[in-house]
Amino acid sequence: MALDQQAKKPGKGVWKSGKGKGRHHPKGRQLDDAAWDQVRALLGDAPRRRDLLIEHLHLIQDEYGHLSATHLRALAEEMRMSMAEVYEVATFYAHFDVVKEGETPPPALTIRVCDSLSCELAGAQALKAALEDGLDPTEVRVLRAPCMGRCDTAPVLEIGHNHIDHATPEKVNAAIAANDTHAHVPDYETYDVYAKSGGYDALLRLRKDGDWKAVQQTVLDAGLRGLGGAGFPSGKKWGFVRDNAGPRYMAVNGDEGEPGTFKDRYYLERTPHLFLEGMLIAAWAVEAAQVFLYMRDEYPAVLEILRREIMALEDAGVVDKGYIDLRRGAGAYICGEESAMIESIEGKRGIPRHRPPFVAQVGVFGAPTLVHNIETLHWIARICREGPDVLSSTELNGRKGLRSFSVSGRVAKPGVYLLPAGSTITDIIAACGGMAEGHVFKAYQPGGPSSGLLPASMHDVPLDFDTLQPHGSFIGSAAVVVLSQTDSARDAALNMLRFFEDESCGQCTPCRVGCEKAVKLMQAPRWDRDLLEDLSAAMIDASICGLGQAAPNPIRLTMKHFPDEV
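Below: a short report on this structure. Being a predicted model, the structure only gives us computed values, none of them experimental. (Residues numbered from 1 in each chain as written. Predicted model: local features only at pLDDT ≥ 70, side-chain atom pairs only at ≥ 80, totals over all residues. Heavy atoms only, no water.)

**Observations concerning the packing of aromatic side chains**
Given two aromatic rings, their pairing is described by the distance between the two centres and the angle made by the two planes.
Then, number 1: As enumerated under the stated definition, the model contains 13 aromatic pairs in all.
Then, number 2: Considering the side-chain rings of Phe 92 and Tyr 93, the 5.0 Å spacing of their centres and the 75 degrees angle between planes classify their relative orientation as edge-to-face. In terms of burial, Phe 92 and Tyr 93 fall into one category: buried.
Then, number 3: Ring centres of Tyr 266 and Tyr 267 lie 5.4 Å apart, and the angle between their planes is 80 degrees; this geometry places the pair in the edge-to-face category.
Then, number 4: Classification of Tyr 267 by relative accessible area gives buried; the value is 13%.
Then, number 5: What links up through ring pairs into an aromatic cluster is the set Phe 92, Tyr 93 and Phe 96.
Then, number 6: The aromatic ring of Trp 36 is capped on one face by Arg 40, whose charged end is 4.1 Å from the ring centroid.
Then, number 7: Its guanidinium or amino end placed over the ring of Tyr 299, Arg 296 lies 5.0 Å from that ring's centre, counting from NZ or CZ. (Phe/Tyr/Trp six-rings, centres within 6.5 Å; stacked < 30°, edge-to-face > 60°. Buried < 20%, exposed > 50% of the residue type's maximum accessible area, 1.4 Å probe, protein only. Lys NZ or Arg CZ within 6 Å of the ring centre and 35° of its normal.)

**Structural notes on helix α10 (residues 201-209)**
Then, number 1: The set of residues buried in α10 consists of Ala 202, Leu 203 and Leu 206. Summarising the axial view, the buried residues of α10 lie within an arc of 100 degrees, below the 170-degree limit, and thus occupy one face. The exposed residues of α10 that point more than 90 degrees off its buried face are Lys 208 and Asp 209.
Then, number 2: On its buried face, α10 sits against α11 (212-222), α14 (272-285) and α17 (374-386). (Helix = DSSP H or I, 4+ residues; strand = E, 2+ residues; numbered from the N terminus. Arc of directions from axis to C-beta. Contact = heavy atoms within 4.5 Å.)

**Describing the nonpolar core**
Then, number 1: Core analysis: the biggest nonpolar cluster contains 77 residues, and Trp 238, Met 250, Phe 275, Met 279, Leu 280, Leu 293 and Leu 306 have the highest contact counts within it.
Then, number 2: No other element matches the ten residues that α14 contributes to this core.
Then, number 3: For Phe 275, the residues in contact, after removing those within four places along its chain, are Val 252, Leu 268, Leu 293, Leu 306, Ile 374, Leu 377 and His 378.
Then, number 4: Counting 62 residues, the second largest nonpolar core, distinct from the first, contains Tyr 249, Phe 292, Ile 342 and Cys 515. (Core = buried A, V, L, I, M, F, W, Y, C linked by side-chain atoms within 4.5 Å.)

**Some details on the environment of Asp 255**
Then, number 1: In this fold, Asp 255 is placed in the loop between β7 (248-254) and α13 (263-268).
Then, number 2: For Asp 255, a relative accessible area of 10% puts it in the buried group.
Then, number 3: Separated by 82 residues in the primary sequence, Asp 255 and Glu 337 place their C-alpha atoms 8.7 Å from one another.

Structural data, given as structure tokens:
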């Protein structure tokens, strides 16, 4: 019997191969025409490329406040992708709210309360509880969230896209009443102002008759190392990428997610073109066909600044339209790892790649890729404008260079401080005006939670690359959090491990299960030191990337330096 004849019979489905009524449509979610029209209207003329999946998910999330199953199905249809691919990406990132059939969408307004260490010290848990008690959950959703890069003004929360510093319930109620839920863009140095003071002269001169090897040597002479945390000599990367045949790309890591770190935001909200010129110089050095600028979603004001100033560069003819491709993260700390960031740029889940091959050989779209951090590129511009002495002429405690320390916690004046690379925690606290009133220095986190906790007795160790490794720590992104006699080292370590538990991408068992197990063990009245040590060793030896390898540092250093607390 022909299919069309069978379909006309009452109770008979088209899709059948045996007895029974059969189905009237294929398996899986069906395409809703209205949702499809809405998705096509949002995407407009934008390309339907696979690597733009996350950008397109943002368009839907921003418009409707969530990602419905019907919209995800429509997006999959429009991009000629499987529903499974779209769904796995949408559910990987914290800032996407996937709502299935029959589920209630989240309220129109979301408040994210930062609960990373600096904010927890400043009372984030009490703030979150007060908001939950005082607000209507059907109108406002209150969530805990990881570091928002505003540790100097803790406690911090984000209401919509508006960050409220030194947050209180009263400030939140006032913002809701005024509908003040959008990002506030601070005053900053625009393209016109920067160009009038000699900005981009170095870039244009190099493009005309520059020698990339000479610039590379200048960067090496300055002693610049990667300031995202790894500390690899910056100029050497250029040669590694140039050794590979083109096309080559550049990927800028703006996913400053290490709790306690806010130096990149500090510079981008003030002098974005120093960074942008450094970025274009590095792109010139490796002959990058395109630059992908990956910026974390927690920085909405920075994203707006970059949109404006990239357009200004295009209008001024400094770059071709589309040469700088600004990509917006979606709330995943793991995308600070360079290969996970590249996966995200390609529109996938941010899962670190196995290495080798390294990204200098096989990066974005399988091509050789140069990866630099925001502050690193900030310094490349200054080195090319002012010479290598801008860094190498400063020396302290046998260390050369300058470091931007993000300082928060129990100090009088938290903030970003540009200090000699050999500065000790004593020097840093002094630069901050000393300890906050009533607080006595007890411990410090030298480089984010990955670096663990060190006691006040280690106050004379220079905080720089290579100086902390003998003590089981490292400088990382120079995110310094200072603790006092009012704080528990044990509670601080637990806060750090909870962060790692939340942010593990889940790819490898040692990290995924190890972080979860560690949190449970650390909640016991007394820590099982032997079991925690065995767990730490397994995580360090077998985790794929730095998250799992460094997560045990708070455990080990707390047991070593604060044994009476555990």
